[in-house]
Amino acid sequence: MGVGISCYGWIRRVPFAACVLLFFFGIASIANSFAQNTFVGDIKSAPTVVVRAGRLFEPATGRMLERPVIVIVGNKINAVSNGNPPSISGATLIDLGDATLLPGFIDVHTHLTFDAGSGGYESLGVSTPRAALIGAKNARLTLLAGFTTVRNVGAEGYADVALRDAINAGDVIGPRMQVSGPPLGITGGHCDNSLLPFEFHHSAEGVADGPEAVMHRVREVIKYGADVVKFCASGGVFSKGDNPLLEQYSPEEMKVLIEESHRLGRKVATHAHSAISIKDAVRAGVDSIEHGIFLDDEGIALMKGHHTFLVPTSYPLFWFEEHASEMHLPPWVMEKSAVIIPAAKKNMAKAFRAGVRVALGTDAGVYPHGQNGGEFWSMVELGLTPTQALQSGTVNAAELMGWSDRIGAIREGMFADMVAVKGDPLSDIRLLQHVQFVMKDGVVYSNEISGANSAAQAR
Ligand SMILES: [Zn+2]
């Protein structure tokens, strides 16, 4: 935020009082940035922690800061400098030696409330309360894998809303979350449930056909707690009886869905495999294309023109090649995967080369939770540089979630969310699949480096 900010240009979009506040916070942050080693906040009343390490990855520049020192007061980063740690009475020092410190990772496409292998007919026996408890287990695994923030895209019964609220209340441990509740979709589409025959008259909760029904459903999921709206623009792999190569929602329905979500302050993520569904969703203003399997040249140009994020979910492509035969998956999943996997690898590589903006998403839940870090090396296999892969899982993902002001970088004023690995992940990206230190909100959940007790161990 610059000194020369004027509130006049902002009045139409934000209340004037908010603008004035932003102006003064801007001045405060500039003053603070000039005052190296000056600590803001009430150090006396909030616990103060000083973390030192060998290197710090800075996502904005892609560079490493040598010998970083981070001062944390409460749940926020108070100061970042390098060299010798300041002496602050009562502060706890965490010395991570020559490890590399990185911002807590962000995964914008998870399914915490279900487990790999419980799709298909197994899923019909899982109640909403059971799904929420499965989510609590997986939230813990995800946090310990270094993912301090996730966006959960699709949960029946609002099990994800319950999980988010339980984490925020401190009842269970897990990443900070944005959640979608039930994903919107057409009757018989990827976001419906077509496993039961007609006489059961069963539809998934997010089913809505036609612009009016879609508008109502958007308002409903927001009413019951959705931070983000998810919908299915095309068929998918795990759904019975639909086709990933076809479009499901019409352009008119997508337009209403996205406009209404935006009007109510929610971003929109869409599951889109077919080329036509990707392009229609981008034209309608969607914020992110999830998967994007059959993305073509025209789609790439449209995404670049609209600054739409691609969430490539690459790791499952590699994981399935090795493990699908152990999963006892329904035959329709195996048939669709055989077409999808080679197409996805080819088209993701093309999108990366073309410079489409990428946010990291893993689809965790279609394979076992806690392996989310595999997405980094998978994207590098398909052509991103290690630096770009790290940016996709930090600053880019934060931007897609609308949280650039609080997560995705280690700097003053941000939440104290950070991870560390021994070694240099820019030389060996696979290091990121096993982090050795995890802090969220200033609380240490895992520390295999300096051996201190952590909150996760205590539980
Ligand atoms: Zn998914």
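Report follows, based on the coordinates.

Criteria and cut-off values
Residues numbered from 1 in each chain as written. Predicted model: local features only at pLDDT ≥ 70, side-chain atom pairs only at ≥ 80, totals over all residues. Heavy atoms only, no water. Helix = DSSP H or I, 4+ residues; strand = E, 2+ residues; numbered from the N terminus. Buried < 20%, exposed > 50% of the residue type's maximum accessible area, 1.4 Å probe, protein only. Areas by Shrake-Rupley, 256 points an atom, 1.4 Å probe, with all protein chains shown as cover. Axes fitted to C-alpha atoms, helices over the stretch in contact; angles between N-to-C directions. Parallel < 35°, antiparallel > 145°, perpendicular 65-115°, else oblique. Left-handed = near helix turned anticlockwise from the far one by under 90°. Contact = heavy atoms within 4.5 Å. Nonpolar A, V, L, I, M, F, W, Y, C, P; charged D, E, K, R; others polar. Salt bridge = Lys/Arg side-chain N within 4 Å of Asp/Glu carboxyl O. Pairing = 2+ DSSP bridges. Donors = N, O, S within 2.8 Å, 3.2 Å for Na, K, Ca; no water. Disulfide = S-S within 2.5 Å.

1. Thoughts on the overall build of the chain
Here is step 1: Helix and strand content of the chain: 13 helices and 17 strands.
Here is step 2: Within the chain, the fraction of its 459 residues that count as buried is 55%.
Here is step 3: For the chain, the exposed surface amounts to about 19300 Å²; the carbon and sulfur share of it is 55%.

2. Comments concerning the packing of helix 4 (residues 211-223) against helix 5 (residues 251-263)
Here is step 1: Relative to each other, helix 4 and helix 5 sit at 30°, their axes nearing to 9 Å. Relative to helix 5, helix 4 is oriented roughly parallel. The handedness of the crossing between helix 4 and helix 5 comes out as right-handed. Residues Pro211, Val214, Met215, Val218 and Arg219 of helix 4 form the contact with helix 5, whose participating residues are Glu252, Glu253, Val256, Leu257, Glu260, Ser261 and Arg263.
Here is step 2: Its residues placed into classes, the contact of helix 4 with helix 5 shows six nonpolar, one polar and five charged.

3. Some details on the pattern of salt bridges
Here is step 1: All told, the structure shown has 21 salt bridges when counted by the stated rule.
Here is step 2: Put simply, Arg176 and Asp417 hold a salt bridge, and the shortest N to O gap is 2.9 Å. Here Arg176, found in strand 10 (residues 176-179), pairs with Asp417, found in the loop between helix 12 (395-400) and strand 15 (418-421); they are 241 residues apart in sequence, far enough to count as distant.
Here is step 3: Put simply, Glu298 and Lys279 hold a salt bridge, and the shortest N to O gap is 3.0 Å. Of this pair, Glu298 sits in helix 7 (residues 297-306) while Lys279 sits in helix 6 (residues 275-283); the two residues are 19 residues apart in sequence, bridging distant segments of the chain.

4. Things to note about the sheet that holds strand 1 (residues 48-52)
Here is step 1: The four strands lie next to each other as 5-4-1-6, forming an open sheet whose pairing is mixed. Whereas interior strands pair on both sides, the edge strands pair on one side only; in this sheet they are strand 5 (76-82) and strand 6 (92-95). Recorded for the sheet is a direction-independent mean angle of 20° between the axes of neighbouring strands.
Here is step 2: Looking at chain direction, strand 1 and strand 4 (residues 68-73) are connected through five bridges and run antiparallel. Residue Val50 lies in a different strand from strand 4, and its bridge partner there is Val71.

5. Brief notes about the coordination of the zinc ion
Here is step 1: For the zinc ion, the full set of protein donor atoms is His109 (NE2), His111 (NE2) and Asp363 (OD), and the range of their distances to it is 2.1 to 2.2 Å.
Here is step 2: Positions of the donor residues of the zinc ion, expressed as sequence spacing, correspond to H-x1-H-x251-D.
Here is step 3: A relative accessible area of 0% places His109 in the buried class.
Here is step 4: For His111, a relative accessible area of 7% gives the class buried.

6. Some words on the packing of helix 8 (residues 315-323) against helix 9 (residues 331-354)
Here is step 1: Where helix 8 meets helix 9, the closest approach of the two axes is 10 Å, and the angle between their N-to-C directions is 145°. Relative to helix 9, helix 8 is oriented so that their crossing is left-handed. Residues Leu317, Phe318, Phe320 and Glu321 of helix 8 touch helix 9, and the partners they reach there are Ile341, Ala344 and Lys345.
Here is step 2: Its residues assigned to classes, the contact of helix 8 with helix 9 comprises five nonpolar, no polar and two charged.

7. Digging into the state of the cysteines
Here is step 1: Going through the model one piece at a time under the given rule, you end up with one disulfide.
Here is step 2: Through a disulfide, Cys191 is tied to Cys232; the S-S separation comes to 1.8 Å. Remark: Cys232 occurs in strand 11 (residues 228-232) and Cys191 occurs in the loop between strand 10 and helix 4; sequence separation between them is 41 residues. Exposure class is identical for Cys191 and Cys232. Each is buried.

Everything listed is a geometric property; what it means functionally is a separate question.
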